[in-house]
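Coordinate analysis (summary)
The primary structure of each chain is shown beneath.
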Protein chains: 4
Amino acid sequence: MSTNLLWQSTGSSTDEAIMRFLAGEDVVLDRELLPFDIEASRAHVAGLARIDIVSADEAAALDAALAELAGEVEAGRFLLDARFEDGHSAIEAWLTDRLGDIGRKVHTGRSRNDQVLVASRLWLKARLADLAGLCRGSARVCLDRAGAEADIVMPGYTHLQRAVVSSAAHWWAGYAEAFIDNAWRARQALEWIDANPLGTAAGYGVNLPLDREHTTQALGFARMQVNPHYAQLSRGKFELAALEALSQALLDVRRLAWDLSLFASAEFGFVELPEVWTTGSSIMPNKRNPDVVELLRARYGVVAGARAEIEQVLALPSGYHRDLQFTKAPLIRALHQGLEALALVPRLLADLGWNRERMAAAIEPSMYATDLAVELARDGVPFREAYRQVKDALGGLAGRDPAGSLAARISPGAAGDLRLDLIEQRMRLP
Amino acid sequence: MSTNLLWQSTGSSTDEAIMRFLAGEDVVLDRELLPFDIEASRAHVAGLARIDIVSADEAAALDAALAELAGEVEAGRFLLDARFEDGHSAIEAWLTDRLGDIGRKVHTGRSRNDQVLVASRLWLKARLADLAGLCRGSARVCLDRAGAEADIVMPGYTHLQRAVVSSAAHWWAGYAEAFIDNAWRARQALEWIDANPLGTAAGYGVNLPLDREHTTQALGFARMQVNPHYAQLSRGKFELAALEALSQALLDVRRLAWDLSLFASAEFGFVELPEVWTTGSSIMPNKRNPDVVELLRARYGVVAGARAEIEQVLALPSGYHRDLQFTKAPLIRALHQGLEALALVPRLLADLGWNRERMAAAIEPSMYATDLAVELARDGVPFREAYRQVKDALGGLAGRDPAGSLAARISPGAAGDLRLDLIEQRMRLP
Amino acid sequence: MSTNLLWQSTGSSTDEAIMRFLAGEDVVLDRELLPFDIEASRAHVAGLARIDIVSADEAAALDAALAELAGEVEAGRFLLDARFEDGHSAIEAWLTDRLGDIGRKVHTGRSRNDQVLVASRLWLKARLADLAGLCRGSARVCLDRAGAEADIVMPGYTHLQRAVVSSAAHWWAGYAEAFIDNAWRARQALEWIDANPLGTAAGYGVNLPLDREHTTQALGFARMQVNPHYAQLSRGKFELAALEALSQALLDVRRLAWDLSLFASAEFGFVELPEVWTTGSSIMPNKRNPDVVELLRARYGVVAGARAEIEQVLALPSGYHRDLQFTKAPLIRALHQGLEALALVPRLLADLGWNRERMAAAIEPSMYATDLAVELARDGVPFREAYRQVKDALGGLAGRDPAGSLAARISPGAAGDLRLDLIEQRMRLP
Amino acid sequence: MSTNLLWQSTGSSTDEAIMRFLAGEDVVLDRELLPFDIEASRAHVAGLARIDIVSADEAAALDAALAELAGEVEAGRFLLDARFEDGHSAIEAWLTDRLGDIGRKVHTGRSRNDQVLVASRLWLKARLADLAGLCRGSARVCLDRAGAEADIVMPGYTHLQRAVVSSAAHWWAGYAEAFIDNAWRARQALEWIDANPLGTAAGYGVNLPLDREHTTQALGFARMQVNPHYAQLSRGKFELAALEALSQALLDVRRLAWDLSLFASAEFGFVELPEVWTTGSSIMPNKRNPDVVELLRARYGVVAGARAEIEQVLALPSGYHRDLQFTKAPLIRALHQGLEALALVPRLLADLGWNRERMAAAIEPSMYATDLAVELARDGVPFREAYRQVKDALGGLAGRDPAGSLAARISPGAAGDLRLDLIEQRMRLP
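Residues numbered from 1 in each chain as written. Chains lettered and ligands numbered in written order. Predicted model: local features only at pLDDT ≥ 70, side-chain atom pairs only at ≥ 80, totals over all residues. Heavy atoms only, no water.

The next subject is the overall build of chain A. The number of helices and strands found in chain A is 17 helices and six strands. Relative to a compact globule of 430 residues, whose C-alpha radius of gyration would be 22 Å, chain A shows 29 Å and is clearly more extended. Referenced to the eigenvectors of the C-alpha coordinate spread, the extents of chain A come out at roughly 90 × 55 × 40 Å. Out of the 430 residues belonging to chain A, those deemed buried represent 71%. Summed over its atoms, the accessible surface of chain A is roughly 12300 Å², and 51% of this surface lies on carbon and sulfur atoms. For chain A, the distance from the average position of its 46 positive side-chain charges to the average position of its 57 negative side-chain charges is 3 Å. (Helix = DSSP H or I, 4+ residues; strand = E, 2+ residues; numbered from the N terminus. Rg over C-alpha atoms; globule rule 2.2 N^0.38 Å. Buried < 20%, exposed > 50% of the residue type's maximum accessible area, 1.4 Å probe, protein only. Areas by Shrake-Rupley, 256 points an atom, 1.4 Å probe, with all protein chains shown as cover. Lys, Arg positive; Asp, Glu negative; His and termini not counted. Charge placed at Lys NZ, Arg CZ, Asp CG, Glu CD.)

In structure tokens:
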């Protein structure tokens, strides 16, 4: 089985280098989308049957052949490769190979334009669901450890300077709340793009009463993307929306990894990473390096780069342009690599061991100064005045201890009143 | 009235150039935030009264003084300038100037950290509401014109090549649906950040039972941002979320402006912009240039730049760092300039006049080829076969006309069945 | 032949998912660098021999084995794949496999840090030389056509509005000068990074009197990168410098492709691209689309994305961090794809055919207005006054013709005095 | 004195909001460019006199009036504000106000297009010279301290893990070499853009034999930018080239600031910043924060953002478009803020005090492991074998001391053989 270019006249001239440039890595990228392209093709066939463009028998034959192809793809027996121009051609070639003229009917009423739109829309929805799940997974570990580690003392920093006494629980709870919001953001993005573009053809619809309500329902979309012109306008935009949701989660991974990178230094010494999370040096036999943490920190760059790449491409008038093909590679690369990183986070967090002694030893008397200043203010000394009094007499703080400071930190959400129930409650939202 | 630096010891050394570097343009930027800072300060004072940190009389005095300041600011009689380190200092200076020691109590239990967080959160919410409103304004014009212009023929392009017959209504409806989604996106962003950070102090809370439920309600937040560590983690992130929503809308403005820039060329000649939307040339007396359209097209860059600026800054460990101050300027700049551009769009769209003759004259017989191919397919010729038949005999299309082609374009959403009711329905959503 | 991780203790624990995350696509990327890594290894061995760390016999054996490996790699018989951690490990495994303990000496006095630095530096130099060559290739075509097409009339646009009469030669000469400057920029970047990092080990040098002058000369570097700390600081920075040079060239490709995309539209109709440069549509039999031009236009995004990706990673303290590994993929991707695009440009430009009739037909009388205004000014009417006179009487321009306008455009560099000799002269610079 | 819009017909309609949108902040930005615009106007007048467009007397009068304006601007007595559309209009208004019709002749043979190009080119050249100078200033301090601090022990880190013994001198020398290269880069960019665009009018030249050789020489340009089309193509591109040079320098500032931020933490404790470089906290009386260092670290974002902003705008066909006006604000902002940051660096570096005890105390015996491994390798043990031996017996390193380790680090450029003369030599290059 092989395929001619769909649009090629017999005997027209082509050129090797140009064809290679046009093809790019498209066929390889389409491996990601192929299962969704097949799924959407099945819905399209059912829709064609409902408006009598294909007969019930033809529809059944096409559906069976598509189901078979889906199985072959899933089993790894069908490989999309350079024999085909892209995934769409592969599907049509498969059908024609098996069903002859009937196979040639599958493309009636659609264009490669709405075909790739619907396949990538379905793929995006799946990836955003993954993103939400992975964020919730991280949040779960954080919240559990917050619940268990209220008495583990940790210095609280601002400007990397020791500021006040804090706790491991407080640090965990912060990331828990962050990842819950990141999951919510993924859901928002999913809802925003949950619209069916199948049936918009090349951006102008077709002269057939396509049953778009049926394909919308069959493919599990929340609604129809009504206007074909809009379906084209949304190319790249919806992809950016997904990457924006991903990048929010990775911003927190970056800060988390930064924390751990510092905490794993000899100078801080707050965490010791299990050996499985570290690597050695090729020249320095004495080293164990937190490479995984560093690569997690760096992963944000992949998503930032992908967004920059896509938004450069979108400086176009309306209507389809081949430029838009170049949104596919950065999209798939960023989601693949971003989700891969997020998938490691829950285990890393679960494996993390604190060096309680080092953390406790990092508490200095001056870190009670704010406590005292607020106490004075509570007792009627204007805060600015209290601030100056304490600043001039940091010596009087020696008698205090971390546990007392934490217990008194009772503003809602702070270490003395963590309100984990409120965070847990948001965890339960869809 | 003037102000010392809040944290300055008497007699400590400062340096002109360094102080200027530290101050940057902060005081000027704080003019944007000042009304919201005052509003949040009033809520904070009420909260302090509820936990007896200030008496009812003191609270009343502070509230009255803050209300007076708000009035002065609104009337343009109080100007934030280089007399003050920032807006926070200005508020405290105002209160101390009027109320002496009582004024000094306003900062009890808060830090400039949560103070700027809450003020900028309120400001962001207001801007996102503006964004939603402006997007709906554009959508309204588009939808109305879509309803009125179903019979205005317009060539449909892909790759800037004439492809099929289309209509002005179809073009308008696409942008209508786009701007409705952009408004929804602004709402999503608003909901996502609608959490109160006031009461988280410098990222670790305080040793006071602050009534955060009260301030949350008083300031109209949907919920409390529970964990103080998270409040810090969200700095920059929430700002990015707002800019992402803005940039989605400006992506559509960019494509719209690109369309108009092309349509206004002599070669297309589809629109003539009213003179008020054009300017002349300093050397070429014959020119009228669509400068407004071009500047609208370019505005996206401001937002893309601001996002790049902020995300560079966010490569930090957790906890506050002064780096984060640099998120303020790009945020305010991008929202100000982005909303300014969006505010012009509805009028521009309403003013737009079509040159129907030029648009109709751009329809060529070959643009009916797809219609014919689909007709053949509908009649049982496999689509690939139909495609080849039509391709080999483009000549047989001469008898067709645009109106017939549009009327037959009946796939849901297309020019023959625009489904404006479905779009209108989504317009009515909150 | 297989390889253990260089830094692995016997029996230490590893984890499949973590190892995969650490490895990433590194081994595949190293295929690009491997020939340069071998070349630098040979220089390193020679250097070790010069300070008696390896004997002359050992050096000869190592050099022969490395030469053999280079041959195998070039012939495609040695494939870097997942058997190896990276290219460095593969080289050492090859040598140890052939030479036993002698092979194990190759890593003396170096780290994978300076090893990858020197290999990628050599690779970068080769790519920048390619870039310069490709830019000169485009400039050559442009300059030749500028020389031949002085009498082909083309409308000159500003704001996409017809402004004045111009010529194809003038358009070509502009791109010629641009690509000459782009070639120069590539040379500047090449010179800037032309410094040898080999011998700086992991950023702190080693306790051996390495003969860095020898390796510098042997590898063809212009100078030594002196300080080992600086060698680390330059990671990512030098890569960015190369991408910046590349992006300057692609900015001109983008504008060129934009011109051609417009010129190829039915509305402009100035060029007809040979069929080999266009593709068909899967649904519209009537279409020939300028896909190659559109993909050339979009290519800039790949480089912009790669730069954004790398600069996100570089937010680090000094010293090596594993984050820096993530500069490799975007670097190689962007240079590969950017150079691939540039390689197509000269042929595309050579193939370009003008539709002289359409271009001539686009000249309107009002496009002589500036000519007349300047004539009046030359004759003593103040320019502002002349401008107003002409503006009020555009009618008096009917008698003029394009050839006359072009001939009179004699400011140096303009269509009437192209000064191609000056551009040609800069073409001859190194 | 006031001004009408140059291109405005009497009685034509304008609109307040649109005019404000068109004007933007242009007039304020033009304050930066005005002195250069005046300088270029004087050269243009002299050029017009040489081709007899203005008489010698007229030229003298125009030159005197321009010189007077330059003096007024420099003295701060002439302020560019909203009375004027832009700087160009202000100059013409000034001349017309003083010289009547003669003033109106200044614009003969030029467009606002080449006028703003030449003014911003001259401004850019001045800023790049500043950049080179500031980089050399930082390099000077670094090199001097490297020369003085060879015996100050500092731990050498990779992955933020203690790796080997190093020295302050080694750290300084790294930044010295980096800033020398950054100065060179600034010079390269300056040379690349050192071409005169004056005389290219609106991108198509004019029908006058302008003496461009004269203006090129008079304005101190290295060469003429020959082709008018190219002058337009270079808009934005040359600006990006300048920002790329700036961003290279700021990448090193960012890493330097990161180092100092870590070194200033209690955990590292390597530096104590003089009080003038730190600030206090509004809530925590115990804190001194390294705010200046943090803002220096964050400054890179401004340049990255400006570049992203400009490159978004440049997605255009050739010829001038109003979009390009939006390159001005990010350019000026980034250079102003970037140079401001760089201007602080030399003093900060000179003020830096080391805490030698803390640095020495951070040296652990295992940090000699690499020394020992290399010694074994030098004595004939294959390096991989030596690595394993040392790794298994880190205990045997106790007798070593930092001074011995540094003295033995004799690979060229390393702490035992710093080769500062080589770095100093490159300092002397232009």
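Next, the rest of the story.
When the parts of a complex come together, some accessible area is lost, and that lost area is often taken as the interface size. Taken together, the contact pairs 44 residues of chain D with 44 residues of chain A. Counting each side, the surface lost to burial between chain D and chain A is near 3800 Å², with a carbon and sulfur contribution of 54%. When residues of chain D are sorted by the area they lose upon contact with chain A, His159(D), Glu267(D) and Pro285(D) head the list and together hold 20% of the total. For the pair chain D and chain A, the interface holds two salt bridges. Salt-bridge contacts for Arg162(A) lead to Glu267(D); the nearest nitrogen and oxygen are separated by 2.7 Å. Summed over the shared surface of chain D and chain A, the number is ten residue pairs in polar contact (both at pLDDT 80 or more). Counting only elements with at least two residues in the side of chain D that touches chain A, the list comes to strand S1 (153–158), strand S2 (161–167), helix H9 (237–263), helix H10 (291–298), helix H11 (300–313), helix H14 (369–378) and helix H15 (383–392) of chain D. The biggest single contributor to the side of chain D that touches chain A is H15(D), with five residues. For the side of chain D that touches chain A, the per-class residue count stands at 22 nonpolar, twelve polar and ten charged. (Contact = heavy atoms within 4.5 Å. Buried area = accessible area lost by both parts, 1.4 Å probe. Salt bridge = Lys/Arg side-chain N within 4 Å of Asp/Glu carboxyl O. Polar contact = N/O pair within 3.5 Å; in protein donor to acceptor, adjacent residues only side chain to side chain. Nonpolar A, V, L, I, M, F, W, Y, C, P; charged D, E, K, R; others polar.)

Tallying each qualifying case throughout the model produces 58 aromatic pairs over all chains. Measuring from ring centre to ring centre gives 5.6 Å for Phe268(D) and Phe270(D), while their planes differ by 85°; the resulting arrangement is edge-to-face. The exposure classification of Phe268(D) matches that of Phe270(D), with both residues buried. One aromatic cluster is present, built from ring pairs that chain together Tyr157(A), Trp171(A), Trp172(A), Tyr175(A), Phe263(A), Phe268(A), Phe270(A) and Trp354(A). (Phe/Tyr/Trp six-rings, centres within 6.5 Å; stacked < 30°, edge-to-face > 60°.)

This part is about the relation of the copies chain D and chain A. Mapping chain D onto chain A is achieved by rotating through 180° and translating by 0.0 Å along the same axis, at an RMSD of 0.0 Å. Accordingly, the operation relating the two chain copies is best matched by a two-fold axis. When each C-alpha of chain D is compared by its distance to the rotation axis, Glu267(D) comes out closest, at 2.6 Å. (Least-squares fit on C-alpha atoms with pLDDT ≥ 70 in both.)

In this complex, chain B contributes 107 residues to the contact, which on the side of chain A involves 107 residues. Buried surface at the junction of chain B and chain A, summed over both partners, amounts to about 9600 Å²; 54% is from carbon and sulfur atoms. Of all residues in chain B, Tyr204(B), Asn207(B) and Arg255(B) give up the largest surface area on contact with chain A, accounting jointly for 9% of the area buried on that side. Connecting chain B to chain A are eight salt bridges. Here Asp252(A) makes a salt bridge to Lys237(B), at a shortest N to O gap of 2.4 Å. Here the side of chain B that touches chain A is built from residues that sort into 49 nonpolar, 28 polar and 30 charged.

Turning our eyes to something else, we now look at the pairing of strand S2 (residues 161–167) of chain A. Residue and element names in this part refer to chain A. Across the seven residues of S2, seven count as buried, placing the element largely inside the fold. Inspection of the sheet shows strand S1 (residues 153–158) paired to S2 by six bridges, in the antiparallel sense. By the bridge assignment, Pro-155 is partnered in S2 with Val-165. Turn length for the S1-S2 hairpin, with the two strands adjacent in sequence and antiparallel, is two residues, and the turn residue His-159 shows positive phi of about 55°. (Pairing = 2+ DSSP bridges.)

This part covers the packing of helix H10 (residues 291–298) of chain C against helix H12 (residues 328–351) of chain C. Residues and elements named next belong to chain C. H12 packs onto H10 with a crossing angle of 135° between their chain directions and a minimal axis gap of 11 Å. Taken together, the axes of H10 and H12 lie oblique to each other. Remark: the crossing between H10 and H12 carries left-handed chirality. Residues Val-292, Val-293 and Leu-296 of H10 lie in contact with H12, whose contacting residues are Ala-341, Leu-344, Val-345 and Leu-348. (Axes fitted to C-alpha atoms, helices over the stretch in contact; angles between N-to-C directions. Parallel < 35°, antiparallel > 145°, perpendicular 65-115°, else oblique. Left-handed = near helix turned anticlockwise from the far one by under 90°.)

Another point: the pattern of salt bridges. The tally for this structure, following the rule as stated, stands at 139 salt bridges over all chains. Measuring nitrogen to oxygen at the nearest pair gives 2.7 Å for the salt bridge that ties Asp181(C) to Arg426(C). Remark: Arg426(C) occurs in helix H17 (residues 420–427) and Asp181(C) occurs in helix H6 (residues 168–192); sequence separation between them is 245 residues. Arg426(C) carries the same exposure label as Asp181(C), and that label is buried. With a shortest N-O distance of 3.3 Å, Arg112(D) and Asp86(D) are connected by a salt bridge. Of this pair, Arg112(D) sits in helix H5 (residues 112–148) while Asp86(D) sits in the loop between helix H3 (56–74) and helix H4 (87–99), placing them 26 residues apart in sequence. When its relative accessible area of 16% is taken as the criterion, Arg112(D) is described as buried. Residue class for Asp86(D) comes out buried when judged on its relative accessible area of 7%.

What follows is about the confidence of the model for chain A. Residues and elements named next belong to chain A. With 96% of its residues at a pLDDT of 70 or more, chain A has an overall mean of 93. Taken together, the stretch residues 1–7 has pLDDT below 50 and engages in 31 contacts with residues farther than four places along the chain or on a different chain. This complex was scored by the predictor with a pTM of 0.96 and an ipTM of 0.95. (pLDDT = per-residue confidence, 0-100.)

With that settled, consider the side chain of Ser138(B). Mapped onto the elements of the fold, Ser138(B) is located in helix H5 (residues 112–148). Those residues in contact with Ser138(B), other than ones at most four positions away along the chain, are Phe179(B), Leu342(B), Val345(B), Pro346(B) and Leu349(B).

Mapped onto the elements, Phe268(D) comes out in the loop between H9 and strand S5 (271–272). For Phe268(D), a relative accessible area of 2% corresponds to the buried category. Beyond its immediate sequence surroundings of up to four residues, Phe268(D) is in contact with Glu267(A), Phe268(A), Tyr157(D), Leu262(D), Phe263(D) and Arg358(D).

Here we take up the nonpolar core. One broad trend across soluble globular proteins is that nonpolar side chains are buried collectively. Counting 454 residues, the largest nonpolar core has Trp354(A), Trp354(B), Trp354(C) and Trp354(D) as its most contacted members. In contact with Trp354(D), other than residues within four places in its own chain, are Arg145(D), Glu149(D), Ile152(D), Met154(D), Ala168(D), Trp171(D), Trp172(D), Phe263(D), Phe270(D), Val271(D) and Met359(D). (Core = buried A, V, L, I, M, F, W, Y, C linked by side-chain atoms within 4.5 Å.)

Attention now moves to the environment of Gly199(D). Along the polypeptide, Gly199(D) turns up in the loop between strand S3 (195–196) and helix H7 (212–218). The buried category is assigned to Gly199(D), whose relative accessible area is 5%. Residues Gly199(D) and Leu256(D), 57 residues apart in the sequence, show an inter-C-alpha distance of 44 Å. When sequence neighbours within four positions are dropped, the list of residues in contact with Gly199(D) reads Ser411(C), Asp114(D), Gly205(D), Leu210(D) and Arg212(D).

So, about helix H11 (residues 300–313) of chain B. Over its 14 residues, H11(B) extends 21 Å from the first C-alpha to the last, a length consistent with the 20 Å expected when each residue adds 1.5 Å. Burial within H11(B) is extensive, with 14 of its 14 residues counted as buried. (Expected span 1.5 Å × (residues − 1).)

Quick look at the packing of H9(D) against H10(D) now. Residue and element names in this part refer to chain D. Where H9 contacts H10, the axes come no closer than 8 Å and their chain directions differ by 150°. It follows that H9 is roughly antiparallel to H10 by the angle criterion. Considering only the axes of H9 and H10, their crossing is left-handed. Residues Val-253, Arg-254, Ala-257, Trp-258, Leu-260 and Ser-261 of H9 form the contact with H10, whose own contacting residues are Val-293, Leu-296 and Arg-297.

Taking burial as the measure, the eight residues of helix H10 (residues 291–298) of chain A include eight buried ones, the bulk of the element. By the burial criterion, the buried members of H10(A) are Asp291(A), Val292(A), Val293(A), Glu294(A), Leu295(A), Leu296(A), Arg297(A) and Ala298(A). Lining the buried residues of H10(A) we find helix H9 (237–263), helix H11 (300–313) and helix H12 (328–351) of chain A together with helix H1 (16–23) and helix H11 (300–313) of chain C.

Attention shifts here to the pairing of strand S1 (residues 153–158) of chain B. Burial of S1(B) is extensive: six of the six residues sit out of reach of the surface. The alternating pattern of S1(B) places Val153(B), Pro155(B) and Tyr157(B) on one face and Met154(B), Gly156(B) and Thr158(B) on the opposite face, and all of these are buried.

Here the focus is unusual backbone geometry. The phi dihedral of Ala201(B) is positive, around 50°, even though this residue is not glycine. For Ala201(B), the position within the fold is in the loop between strand S3 (195–196) and helix H7 (212–218). In the Ramachandran plot, His159(D) falls in the positive-phi region, its phi being about 55° despite a non-glycine side chain. Tracing the chain through its elements places His159(D) in the loop between S1 and S2.

Another point: the environment of Ala65(C). Position of Ala65(C) among the secondary structure elements: in helix H3 (residues 56–74). A relative accessible area of 5% places Ala65(C) in the buried class.

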